[in-house]
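# Secondary and tertiary structure notes
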Amino acid sequence: MNFSPTDSQQKIQQCARDFANTRVAPFARAMDERGEMPMELIHELGAHGWLGGALPKEYGGEGWDNVSLALCYEEFGRADSSVRGLMTVHMSLVAQCILKWGTDEQKKIFLPKLARGEWIGCYALTEPNAGSDAASMETTADEYENEFILNGEKIWITNGNIADVAIVFATRAQSLKHKGICAFLVETNLKGFTREKMRGQELGHRASDHAYFRFENMRVSKSALLGNVGEGFKVAMSALDHGRLGVAAGALGVAQACLDASVDFARTRRQFGQRIGDFEMIQSVIANMAADVDASRMLVYRAAWLQDQGQRATRETSIAKLFATEAAMRAASEAVLLHGGRGYSNEYPVERYYRDIKGLQIYEGTSHIQRIVIARDIIGKES
Ligand SMILES: Cc1cc2nc3c(=O)[nH]c(=O)nc-3n(C[C@H](O)[C@H](O)[C@H](O)COP(=O)(O)OP(=O)(O)OC[C@H]3O[C@@H](n4cnc5c(N)ncnc54)[C@H](O)[C@@H]3O)c2cc1C
């Protein structure tokens, strides 16, 4: 068993760390306060290959394996969850999904533009009445001659207002449940499509773009189908295998950032005439955090490695997402406490880590849903 990343994986990680440390982390607080991510940064991510690395070279990517991709998300997650979130939706939920399910024509049209970040992608599954139970979606796709006509709403769509291309899920008939769902790959300039910012101030990911979509008689050509008619649910779930790995790796990055910040603070802050890091109770916090970070890292890399072997890794990916997001939640909570009053202010980044991490426990399947996926896989279906 070899636990070391290869030379090329290490190189990708180092480049991601350098970029995240210089071009993302120093601006994370300002982006969080302003509530938006500058388009210049998104273009820069595209120009440096951070939005398409996982795509094959023929489509403008770098042909990274999933371990490299996880290392990349870990480093960006360490710097800022909004930026890492944009990347995961764009690259894992959208680009990798088109790579798996798209026709040659769709791949040729969409992937090179996505790889360069000329087009931004989003993934539109969640609806007001269908979240965890995605198969109960109400957005309809009615077949009419050579087209489908879409009507309905989607919420919480990351990158939704800036996206040029969307994977949209809709059903031919709710009574067909999973089997009625179709996936469509559409440009966002179609007639009958409107979008706006989600209402309300969000707890974290404040620099992310979260959108509300409405489809009113939006006509979509049959050539926009991603996968066959009725295969949309499979398309959605296979995309989530990739996306969840990205979220798990991002959570690992957040936990590592909490540990780094806590160690720095424990070494410098003095009370009762000594470094707080010399108090056993603080040492216990740091040790638990370090153990959680290590365990998350092993689970994330294992899931990525299994995906690279072409093995089914749904259970292992859900385990990685469940454990890494919950471990990062604990780490962020302890990091704020360890910083005392300073941790309660955005003068220190742990305050942002604490707000951001909750989102990772919710999107791409909440922790409850990950437990269901894991347990069903272990127990199996009744014969
Ligand atoms: C920051 C952010 C970004 C997002 N980005 C996207 C995106 O890009 N695209 C997209 O399509 N969606 C996106 N979402 C939506 C997200 O995927 C959903 O919020 C999530 O799947 C949960 O759905 P829900 O909010 O409707 O909660 P519900 O499904 O209503 O769940 C409410 C509660 O009930 C629990 N629950 C539900 N069913 C069960 C069950 N069977 N057993 C036990 N507990 C259960 C849940 O775990 C949760 O605690 C995003 C959400 C957030 C917060």
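Now for a description of the structure that goes with this document. (Residues numbered from 1 in each chain as written. Predicted model: local features only at pLDDT ≥ 70, side-chain atom pairs only at ≥ 80, totals over all residues. Heavy atoms only, no water.)

Right, let's talk about the side chain of Thr139 for a bit. With respect to the helices and strands, Thr139 occurs in the loop between β1 (121-124) and β2 (140-144). Looking at Thr139, the relative accessible area reads 0%, which means it is buried. Engagement of the side chain of Thr139 in a polar contact is seen with the side chain of Glu127, the distance being 2.7 Å. With near-sequence residues (within four places) excluded, Thr139 lies in contact with Glu127, Asn151, Gly152, Glu153, Lys154, Phe169, Ala170, Thr171 and Phe215. (Helix = DSSP H or I, 4+ residues; strand = E, 2+ residues; numbered from the N terminus. Buried < 20%, exposed > 50% of the residue type's maximum accessible area, 1.4 Å probe, protein only. Polar contact = N/O pair within 3.5 Å; in protein donor to acceptor, adjacent residues only side chain to side chain. Contact = heavy atoms within 4.5 Å.)

Before going further, it helps to examine the site of the ligand. Taken together, the neighbourhood of the ligand is formed by 16 residues, with Thr126, Ser132, Trp156, Thr366 and His368 sitting nearest. For the ligand, a nitrogen atom lies 2.8 Å from a polar atom in the backbone of Tyr123. Here Thr126 contributes a side-chain N or O atom positioned 2.7 Å from a nitrogen atom of the ligand. When the ligand is considered free in solution it has 970 Å² of accessible area, and contact with the protein chains removes 65% of it. Of all the secondary structure elements, the ones that give two or more residues to the shell around the ligand are β3 (147-158) and α10 (367-379). Taken together, the residues that form the shell around the ligand break down as eight nonpolar, seven polar and one charged. Here the shell around the ligand spans two domains, and each of domain 2 (122-232) and domain 3 (238-379) adds at least three residues to it. (Near = heavy atom within 4 Å. Areas by Shrake-Rupley, 256 points an atom, 1.4 Å probe, with all protein chains shown as cover. Nonpolar A, V, L, I, M, F, W, Y, C, P; charged D, E, K, R; others polar. Domains from an automatic or database assignment.)

Right, let's get into the packing of helix α3 (residues 66-79) against helix α7 (residues 280-308). Between α3 and α7, whose axes approach to 7 Å, the crossing angle comes to 145°. Residues Asn66, Val67, Ala70, Leu71 and Glu74 of α3 pack against Arg297, Val300, Tyr301, Ala304, Trp305, Gln307 and Asp308 of α7. Looking at the contact of α3 with α7, its residues break down into seven nonpolar, two polar and three charged. (Axes fitted to C-alpha atoms, helices over the stretch in contact; angles between N-to-C directions.)

What follows is about the pattern of salt bridges. When their charged atoms lie close together, side chains carrying opposite charge are able to pair. Taken as a whole, this structure holds 21 salt bridges when the rule is applied. Between Glu147 and Arg219 there is a salt bridge, with its nearest N and O atoms 3.0 Å apart. Remark: Arg219 occurs in strand β7 (residues 210-221) and Glu147 occurs in strand β3; sequence separation between them is 72 residues. Judged by its relative accessible area of 45%, Arg219 falls in the partly exposed class. A salt bridge links Arg315 to Asp377; the shortest N-O distance between them is 2.8 Å. (Salt bridge = Lys/Arg side-chain N within 4 Å of Asp/Glu carboxyl O.)

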